[in-house]
Amino acid sequence: MEYHYEVNGTRYTVRVDQEEGGHYRVTVGERTYVVQAERREPGVFDLSVGTRYLRAYVVQTGTRRLVALDANTYVLERLREGRRQRHLGAPHAGQLEAQMPGQVIAVLVEEGQEVDVGQPLVILEAMKMELRIVAPRAGRVRALRCQPGDVVDRGQQLVELE
Amino acid sequence: MEYHYEVNGTRYTVRVDQEEGGHYRVTVGERTYVVQAERREPGVFDLSVGTRYLRAYVVQTGTRRLVALDANTYVLERLREGRRQRHLGAPHAGQLEAQMPGQVIAVLVEEGQEVDVGQPLVILEAMKMELRIVAPRAGRVRALRCQPGDVVDRGQQLVELE
Amino acid sequence: MFSKLLVANRGEIAVRIIRACQELGIRTVAVYSEADARALHTLLADEAHLIGPPSPVESYLHAERLIEVALKTGCEAVHPGYGFLAENAAFAETVRAAGLTFVGPPAEAIRLMGDKVAARARMAQADVPVVPGYEGEGDVDEFLAAARALGYPVLVKAAGGGGGRGMRVVAREADLPAALDTARREARNAFGSDRVYLEKYVDRPRHIEFQVLADHHGHVVHLFERECSVQRRHQKIIEESPSPVLDEELRRHMGAAAVAAARAVGYVNAGTVEFLVDAERRFYFLEMNTRLQVEHPVTELVVGVDLVKAQLAIAAGEPLPFTQAELSQRGHAIECRIYAEDPARGFLPATGRVVRAVEPVGPWVRVDAGITTGDTITHYYDPMIAKLIVWGEHRDDALRRMAWALDQYIIMGVTTNITFLRDVVRHPAFQRGDITTDFVERYFVGWRPPDTSVPDEVLIAAALAEQADTPPAVRANHGDSGERAGDPFSPWNVADGFRPGRV
Amino acid sequence: MFSKLLVANRGEIAVRIIRACQELGIRTVAVYSEADARALHTLLADEAHLIGPPSPVESYLHAERLIEVALKTGCEAVHPGYGFLAENAAFAETVRAAGLTFVGPPAEAIRLMGDKVAARARMAQADVPVVPGYEGEGDVDEFLAAARALGYPVLVKAAGGGGGRGMRVVAREADLPAALDTARREARNAFGSDRVYLEKYVDRPRHIEFQVLADHHGHVVHLFERECSVQRRHQKIIEESPSPVLDEELRRHMGAAAVAAARAVGYVNAGTVEFLVDAERRFYFLEMNTRLQVEHPVTELVVGVDLVKAQLAIAAGEPLPFTQAELSQRGHAIECRIYAEDPARGFLPATGRVVRAVEPVGPWVRVDAGITTGDTITHYYDPMIAKLIVWGEHRDDALRRMAWALDQYIIMGVTTNITFLRDVVRHPAFQRGDITTDFVERYFVGWRPPDTSVPDEVLIAAALAEQADTPPAVRANHGDSGERAGDPFSPWNVADGFRPGRV
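Residues numbered from 1 in each chain as written. Chains lettered and ligands numbered in written order. Predicted model: local features only at pLDDT ≥ 70, side-chain atom pairs only at ≥ 80, totals over all residues. Heavy atoms only, no water.

A word on the interface of chain A and chain C. Across the boundary between the two partners, chain A contributes 61 residues, which contact 57 residues of chain C. Summed over both partners, the interface of chain A with chain C comes to about 5,200 Å²; 62% of that surface belongs to carbon and sulfur atoms. Our count for the chain A to chain C interface comes out at three salt bridges. Seen at the junction of chain A and chain C, the total is eleven residue pairs in polar contact (both at pLDDT 80 or more). The element contributing the most residues to the side of chain A that touches chain C is strand β4 (residues 31-41) of chain A, with nine residues. Among the residues forming the side of chain A that touches chain C, the class breakdown is 37 nonpolar, twelve polar and twelve charged. (Contact = heavy atoms within 4.5 Å. Buried area = accessible area lost by both parts, 1.4 Å probe. Salt bridge = Lys/Arg side-chain N within 4 Å of Asp/Glu carboxyl O. Polar contact = N/O pair within 3.5 Å; in protein donor to acceptor, adjacent residues only side chain to side chain. Helix = DSSP H or I, 4+ residues; strand = E, 2+ residues; numbered from the N terminus. Nonpolar A, V, L, I, M, F, W, Y, C, P; charged D, E, K, R; others polar.)

This part covers the packing of helix α3 (residues 63-72) of chain D against helix α4 (residues 89-97) of chain D. Residue and element names in this part refer to chain D. Packing of α3 against α4 leaves a shortest axis separation of 11 Å and a crossing angle of 30°. With respect to α4, the axis of α3 lies roughly parallel. By crossing handedness, the relation of α3 to α4 is classed as right-handed. Taking contact as the criterion, the partners of Ala63, Leu66 and Ile67 in α3 are, on α4, Phe91, Thr94 and Val95. Residue classes in the contact of α3 with α4 are distributed as five nonpolar, one polar and no charged. (Axes fitted to C-alpha atoms, helices over the stretch in contact; angles between N-to-C directions. Parallel < 35°, antiparallel > 145°, perpendicular 65-115°, else oblique. Left-handed = near helix turned anticlockwise from the far one by under 90°.)

Below, the discussion takes up the confidence of the model for chain A. Per-residue confidence for chain A gives a mean pLDDT of 81; residues scoring 70 or more make up 88%. Long-range and interchain partners of residues 82-94 of chain A, a stretch whose pLDDT sits below 50, account for eleven contacts in this model, where long-range means more than four residues apart. (pLDDT = per-residue confidence, 0-100.)

Moving on, we get to unusual backbone geometry. All names here are of chain C. Omega for the bond connecting serine 241 with proline 242 falls within 30 degrees of zero, at -5°, which places this linkage in the cis form. Residue placement: proline 242 occurs in the loop between β12 (235-241) and α9 (248-264). The residue phenylalanine 84 is not glycine, and still its phi comes out positive at about 45°. Within the secondary structure, phenylalanine 84 sits in the loop between β4 (77-79) and α4 (89-97). Positive phi outside glycine occurs at histidine 234, with the angle close to 65°. Along the chain, histidine 234 turns up in the loop between β11 (220-232) and β12. Exposure remark for histidine 234: the relative accessible area of 47% places this residue in the partly exposed category. (Buried < 20%, exposed > 50% of the residue type's maximum accessible area, 1.4 Å probe, protein only.)

Examined at the domain level, chain C breaks down into domain 1 (4-103), domain 2 (132-200), domain 3 (338-445) and domain 4 (456-493). Computed from C-alpha atoms alone, the centre-to-centre distance between domain 2 of chain C and domain 3 of chain C is 34 Å. (Domains from an automatic or database assignment.)

If you walk across this open sheet you meet the three strands as β10-β13-β15 (chain A), and the pairing is antiparallel. Each edge of the open sheet carries a strand with a single partner, namely β10 (114-115) and β15 (159-161) of chain A. (Pairing = 2+ DSSP bridges.)

On domain assignment, one finds that chain A holds domain 1 (2-78) and domain 2 (95-161). Each of domain 1 of chain A and domain 2 of chain A has a C-alpha centre, and these two points are 42 Å apart.

Turning our attention to the sheet that holds strand β7 (residues 154-158) of chain C. Residues and elements named next belong to chain C. One open sheet accounts for four strands, arranged β6-β9-β7-β8; its pairing is antiparallel. Each edge of the open sheet is held by one strand with a lone partner, namely β6 (133-134) and β8 (168-170). Looking at chain direction, β6 and strand β9 (residues 196-200) are connected through two bridges and run antiparallel. Bridge pairing in β9 links glycine 133 to glutamate 199. In this fold helix α8 (residues 176-191) packs onto β7, β8 and β9, with an angle of close to 25° to the strand it touches most, β7.

This brings us to helix α5 (residues 107-114) of chain D. When α5(D) is considered as a whole, its buried residues turn out to be Ala107(D), Ala109(D), Ile110(D), Leu112(D) and Met113(D). Along its buried surface, α5(D) packs onto α4, β5 (101-102), α6 (116-125), α9 (248-264) and β14 (283-289) of chain D.

So, about the pattern of salt bridges. What the rule picks out here adds up to 119 salt bridges over all chains. Ionic pairing is found between Asp70(A) and Arg52(A), a salt bridge with its closest N-O pair at 3.4 Å. Pair noted here: Asp70(A) is in the loop between β7 (64-69) and β8 (72-79) and Arg52(A) is in strand β6 (residues 52-61), with a separation of 18 residues, a long-range link. Since its relative accessible area comes to 47%, Asp70(A) is described here as partly exposed. Taking relative accessible area as the criterion, Arg52(A) reaches 35% and is therefore assigned partly exposed. Between Glu2(B) and Arg15(B) there is a salt bridge whose closest N-O contact spans 4.0 Å.

Attention now moves to the environment of Val445(D). Residues and elements named next belong to chain D. With respect to the secondary-structure elements, valine 445 resides in the loop between α15 (439-443) and α16 (456-469). By relative accessible area, which is 67% here, valine 445 ends up exposed. Taking the C-alpha atoms as reference points, valine 445 and leucine 348, separated by 97 residues in sequence, lie 14 Å from one another.

For the rest of this paragraph, the subject is the interface of chain B and chain D. Taken together, the 61 residues of chain B in the interface contact 59 residues of chain D. Taken together, the links from chain B to chain D amount to three salt bridges. With a closest N to O distance of 2.6 Å, Glu466(D) and Arg78(B) form a salt bridge. Our count for the chain B to chain D interface comes out at eleven residue pairs in polar contact (both at pLDDT 80 or more). Per-element tally for the side of chain B that touches chain D: the top contributor is strand β4 (residues 31-41) of chain B, with nine residues. Here the residues of the side of chain B that touches chain D are counted per class, giving 37 nonpolar, twelve polar and twelve charged.

All names here are of chain C. Residue position: histidine 41 is located in helix α2 (residues 40-44). Accessibility expressed as a relative area gives 1% for histidine 41, which makes it buried. Setting aside its immediate chain neighbours within four residues, histidine 41 contacts Asn9, Arg10, Gly11, Ala14, Val15, Ile18, Ala30, Val31, Tyr32, Asp36 and Tyr60.

A few words now on the side chain of Thr416(D). Residue and element names in this part refer to chain D. As for its placement among the helices and strands, threonine 416 is situated in the loop between β23 (410-412) and α13 (418-426). Engagement of the side chain of threonine 416 in a polar contact is seen with the backbone nitrogen of isoleucine 418, the distance being 3.2 Å. Not counting residues within four places of it along the chain, the set of residues in contact with threonine 416 comprises Tyr339, Ala340, Glu341, Pro343, Ile385 and Ile411.

All names here are of chain C. Burial runs high along strand β20 (residues 365-369): five of the five residues are buried. Burial along β20 is two-sided: the face carrying Val365, Val367 and Ala369 and the face carrying Arg366 and Asp368 are both buried. Judged from the five bridges that link them, β20 and strand β22 (residues 384-392) form a sheet pairing that is antiparallel. Looking at β22, one finds that alanine 369 is bridged to alanine 386.

Following this line, the structure appears as structure tokens:
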């Protein structure tokens, strides 16, 4: 079978063939490996690739694959054959979104207000941490997307500037 | 749903009903419990029964259920509704079977030979351990079921006495 | 000893306290907020009681509710852990007023040490060195005069403060009036009091603290120092003992000062006296933490005393089982705090579900974890996942062991500081012990995780996992041999016997 | 220090050695038999090489093959662990002849200590007390005369023996000739030599051993004692340090005797001198184990020395980093060996797959495991699963911690001795420290696991597990709400979000 993954914009194709004797022939790009594999418990795989024996942890959620190997965790996106996954857009530029999950403790501006570059707009708090959302440029507040007391997620837009 | 288990010859019926709000009403015999449950990872269940919070480990192999709770492991046999599971027969009496898995290092008798009670018949060895299989009564060896070098399992019959 | 105790906390410290109680045969009652149902501490305790919504104010800070649970369940004592109500004098009083034992110091000692100005004065009386400063209640001119006498830079601090809140470094006289205003406003908002004071600014100090234990019979001992200079945003991330900088003489002087500080406030139970040590190896009282510290394990491993059990014994009225002369340091211990946070983005806390945690295991490696596989980290509480503590025969040995342990630690599902810590413990300045409180800003500004390309083995593992997790029927349609269709194990069983490539 | 080392062993001790090497930056080569593919030690090492079929003679005892792998992979040293080839003088010689460093004593010391008669003679020369006996090569009449002089009961022992093989207690003169015959036959079969000797039988002795370390520069120290009296079938199951019976004076005398014993045979590296201590607190040299012991961790925790690292440093030619005066005991450590065996059936070894292992975790709890979740225990090797070691401030503290840790330890899929150990550590005689080598036979004959009825919670867990593991489609057919059909997680994922009763 062939599997397709994308990591940081690079696409990889992995071909797996089961051989006589139970081992696998796995091709990654141009490189071919003979691999022995055992599933220890769900999500835990012991592999041997040559004289190296490895334990890999794999978590599958939707099309995301988390793989931990040698204590580094890698995030892969599984692509379905023939159709590319949609790319997630780049995060919104500027300081107008929550950079951490937390609670809005103060909104310092009003809709329609003119603001200067660097002017604090919203104060966000999580345990023992405060973060000021400041205007990345001068402009007018088109809309406020939060109010004091709101619990917001990372990446959530809090203020719209014109 | 109803589930049926057998443990040490006793049969239990457990009825599970999912209630509004996501918790369960579980009836064991005449006793009914309100239970919250969460699967931590496959085979690991966190339960709350009243003010007690418990972690149970469950392994299912075929109709066998291993459940570890408070560091004791229980072995349950799941019964299908309506039909009783067949009972495994009692292990063969006497000393004529391997009491541990190991290797036969010596067979001290021959087929047809008369033996006295207590006479050693077979010597079995596992790492650093030796075990003598002795005649539980006087009699004649009807058949030898092993020979030196054989690897045998616990419970495997080694000698037949008339 | 008590027969039943309420643990008024959550996370790893609740777990730590419950375990100590279990060994001593003390039954435990855990409390939890709605965000913590099924947290580790609720599982380990004999009973667990819901105390309110996730917000700390409505749960772990809700003193009346905690005491209500303690009384209802027949507890005799309350252990506050650290954080939350641990340094709240009123809580200690309320607990005692309810007829319960508070596992901690007298309310008076908590209150006095919580007032930084009063504490400075009491310490000076007891001949414990304090940073030169000005605690007057005068007007701006008097502050200006005092600052001039001290010499710039000076530090403006809140009397009721701690943790860096309401603190300002002022380098020039012209900036002082504005700094006083800002600090007063911040202090009023944060602590309800706008009292501020001045201190001479100690440049690039070391943060070294002494653990003390005091019983109800007048015995006070110290259990030597912890070096806590590696900090980010005034929060410690790596602690060790002994300090690489103390010699026997300085250690003796500072230890004696710590004991004097505790005696001066009538201290009982476990506490920590924090000092600043400057480049000339002069030391100054900074503050006293009137509770168990996060970093208590490094002392435990080096001195060989279980501090939680010691707290319980002291609270139960037992005398200390050792004298100062019987205590000694052996080897070297280091602690790294494992946080759900992103060091490449200003150490912003991260949240999410830990889908798998694999802790390092080995001789002299200790993991005090509050979060394990399947737990969710919310924004309501401190994002600490665990404390990783190692002991070694000497500092180099401990450093190697810590590097090894960090290399084994796997947390999947949330961003952590583990990769960052790996780089810190291998940094030449850290290896030399050349650490001051500006260590992180000095050497790790702009730190980014190493740009790891994806090893082929990762892709192989991902692909084989798809293979293993595809039901045989489906795999058969894709050319798979389908041999495993008769597998007697269901696919989600542990020990499911999937071993296609078994040698 | 070496840059690459072959670990000529398997199981927990191979894991222990590999971890020590990793901390020191030594690359490791593991070897494995066909039964051990994917064993923990193969995963941890930098490389793993198959050396043969499961039978030890064809794999872990196959000296030539091991040396071949070491040379092929560029190793500089070989660590033999314990068991297998660890006390094989010829192996030590072959390793050295191949230009490799053997991490252990000189072949001469191994050979001399392996000959019990020669060892007794050498010890007597060095003024190390030995049990009165007769090592002559005379005929039966001389043995009879010697036994009469010693007084009955006497012990007939094989000169080349160990571990109780070829050993006979003889209570009456009439039984001696037959016992000599049997012992000679057994000894010939087991050790290839029929030489036997007599010893005065010491009734209900304690088994107390001293750890020694000796370097290549003439320094020899001891690291105090281990009490190993709790045994079944001559194999230790619980060890502790300090011994509850030694006082400072006896400890000093025995320690000096252990050092003298090591010096008398030109010993280098780690070794253990075993003594018997009788009811009158007289001690006698029993034998010397010329290798690392299974129970080395109790010494490590009490003395604060990493014995595996010490072995490597000594083998690399480094001098000992401490003197006798710098070593001391702190607190108390206990080890329990966790075996796959059935204590209710004569401790018969058990085999099978460990479908889940959950090790206890907590401060001062150490688990040196060779077997974890998913591993199979075969009859080819010793059925030890792990060593559970705890440290405490004093013996009572350590006992409580051990009881706690045993109560947490879960092994599913094979029968273990954990339930038995729980009863042993709680037994009043063990709690008092009243332990002699007949402890198990004396108090635990006919032991049966407590007859536990099935708590309702067990049935509830089993039923909910069926519920969770039934695919939604099937459950819908049985009246289940089928709500989870849209679950984005496949059912065998970790963190699959199954939380039907989440508060």
